[in-house]
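# Architecture and fold: a report
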Amino acid sequence: MDSDEETLEETVEGTLDDDGLPHGFCTVTYSSTDRFEGNFVHGEKNGRGKFFFFDGSTLEGYYVDDALQGQGVYTNEDGGALHGTYVDGELNGPAQEYDADARLIFKGQYKDNIRHGICWIYYPDGGHLVGEVNEEGEMTGEKIAYVYPDRKTAYFGQFIDGEMLEAKLATLLSIEEGKPQFEVVPGSPVYSFDKSTSSCISTNALLPDPYESERVYVDASLISHAGEGLFTKIAAEAATVMSFYNGVRITHQEVDSRDWALNGNTISLDDETVIDVPEPYNHPAKYCASLGHKANHSFTPNCAYDSAVEKDEELTVAYGYDHNPTGQNGPEAPEWYQVELEAFQAAQNK
């Protein structure tokens, strides 16, 4: 939150000059409850200082004649931070932004407090969005790209405020002075943002994901009675994104109120939404736009975001059913899971 220069000073702790103005190191608390701690020269901020805003955010840097100049760090109330270049109190120049876990989420330029020029937005899974922002600082234009976690496979085309409207498959060839160079794959189909709903899993159910297609395939599972499973096409290091999970969006209440047999391909998205891949979309012939739902359960999974896998290895995940639900004698899970759990626990106790 930016400071309000019109805010009246309420209290001053520190030395004052002959005119009663802050001079030297002072703490000034404003009527808005914003607080500034730093060096003053006859009432003007000069030298290092830090604003503490009423919402919990802070702004720290070097002040000259009452304005922030050079490198400054704005930390928001949730712990995320913007490291930027300030000119006369406004962001002008290179900047980087980090989330509360200190992961890079933005790199680019600012002009008059607005994102400007070629900017990069980074996502937790390793993918990123890149392109020249519009006058409002938004990722809007016809030469924007989403780059997958492999930093090579990309969608290049028209985006509106970061949402893909129409793009083609492309390859990231190089990055020169922060500017990416892409080559569109000849004959590429047209891709667009295709968010599922409660009744529609995808408008392009048979359009495979190009990144996923290079890494996994569906075949008969090596796990007894599991049907089909998900296998790797390549050897991959730990923490490599291999596949994606999409489905229709239903509520937890819907899941809890129906037979367990219908919940074989459900995964919780958040406190309100569950992703489900119902019949007939659990068959690749009907739906193959994402394949994450084909990974079967294992009590010793290799897909916990920290496991390396070999080529042609079957990918497994821990389904995460509650083994000790309140008021029940056994796990809140389908019958097959309870049978497998009993067998696994027996083997562990040998």
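You'll find the structure just up there.
All of the points below concern the structure found in this document.

## Remarks on the side chain of T273
Positionally, T273 belongs in strand β21 (residues 273-276). Not counting chain neighbours up to four residues away, the residues in contact with T273 comprise R249, I250, H252 and S268.

## A look at the packing of aromatic side chains
The full count for this structure, using the stated rule, is 17 aromatic pairs. Taken together, a centroid distance of 6.2 Å and an interplanar angle of 25 degrees make the contact between Y30 and F51 stacked. Placement of the pair is Y30 in strand β2 (residues 22-30) and F51 in strand β4 (residues 44-52), with a sequence separation of 21 residues. With respect to burial, Y30 and F51 carry one shared label: buried.

## Structural notes on the pattern of salt bridges
For the structure on display, the rule yields 10 salt bridges. K294 is paired through a salt bridge with E228; the nearest N and O atoms lie 2.6 Å apart. Here K294, found in the loop between β21 and β22 (296-297), pairs with E228, found in strand β18 (residues 228-232); they are 66 residues apart in sequence, far enough to count as distant. Classification of K294 as buried rests on a relative accessible area of 10%. Given the relative accessible area of 34%, E228 is considered partly exposed. A salt bridge links D276 to R258; the nearest nitrogen and oxygen atoms lie 3.0 Å apart. Remark: R258 occurs in the loop between α2 (252-256) and β20 (266-268) and D276 occurs in strand β21; sequence separation between them is 18 residues.

## Topic: the side chain of E212
With respect to the secondary-structure elements, E212 resides in helix α1 (residues 210-213). The side chain of E212 sits in the buried core without any salt bridge; K233 is the nearest counter-charge, 9.6 Å away. For E212, the side chain forms a polar contact with the main-chain nitrogen of L291, separated by 2.9 Å. Ignoring anything within four residues of it in the chain, the contact list for E212 reads M242, S243, F244, A289, S290, L291 and G292.

## Focus on unusual backbone geometry
Following E279, the chain continues into P280 via a peptide bond in cis, with omega recorded as 0 degrees. If you trace the backbone, P280 turns up in the loop between β21 and β22. The phi angle at T33 is positive, at roughly 80 degrees, despite the residue not being glycine. As for its placement among the helices and strands, T33 is situated in the loop between β2 and β3 (35-41).

Conventions adopted
- Throughout, residues of each chain are indexed from 1 in the direction in which the sequence is written.
- Confidence filtering applies because this is a predicted model: local features only for residues at pLDDT of at least 70, side-chain atom pairs given and counted only at 80 or more, and all residues used for totals across whole chains, interfaces and linings.
- The side-chain values count all of the structure's non-hydrogen atoms but skip hydrogen atoms and water molecules.
- The helix count covers DSSP runs of H or I at least four residues long, the strand count covers runs of E at least two residues long, and both are numbered beginning at the N terminus.
- It only takes one pair of heavy atoms within 4.5 Å for two residues to be counted as in contact.
- In this analysis, rings of Phe, Tyr and Trp, with Trp reduced to its six-membered ring, are considered paired at centre separations within 6.5 Å, and the interplanar angle assigns stacked below 30 degrees, edge-to-face beyond 60, and tilted for intermediate values.
- When accessible area is computed with a 1.4 Å probe and restricted to protein chains, residues below 20% of their type maximum are described as buried, those above 50% as exposed, and intermediate ones as partly exposed.
- Salt bridges are identified by distance alone: a Lys or Arg side-chain nitrogen within 4 Å of an Asp or Glu carboxyl oxygen.
- Under the counting rule used here, the positive set is Lys and Arg, the negative set is Asp and Glu, and His together with the chain ends is not counted.
- Nitrogen and oxygen atoms within 3.5 Å of one another constitute a polar contact, given that in protein one can donate a hydrogen and the other can accept it, and given that sequence-neighbouring residues count only through two side-chain atoms.

Remember, this is a structural readout, not a statement about activity or role.
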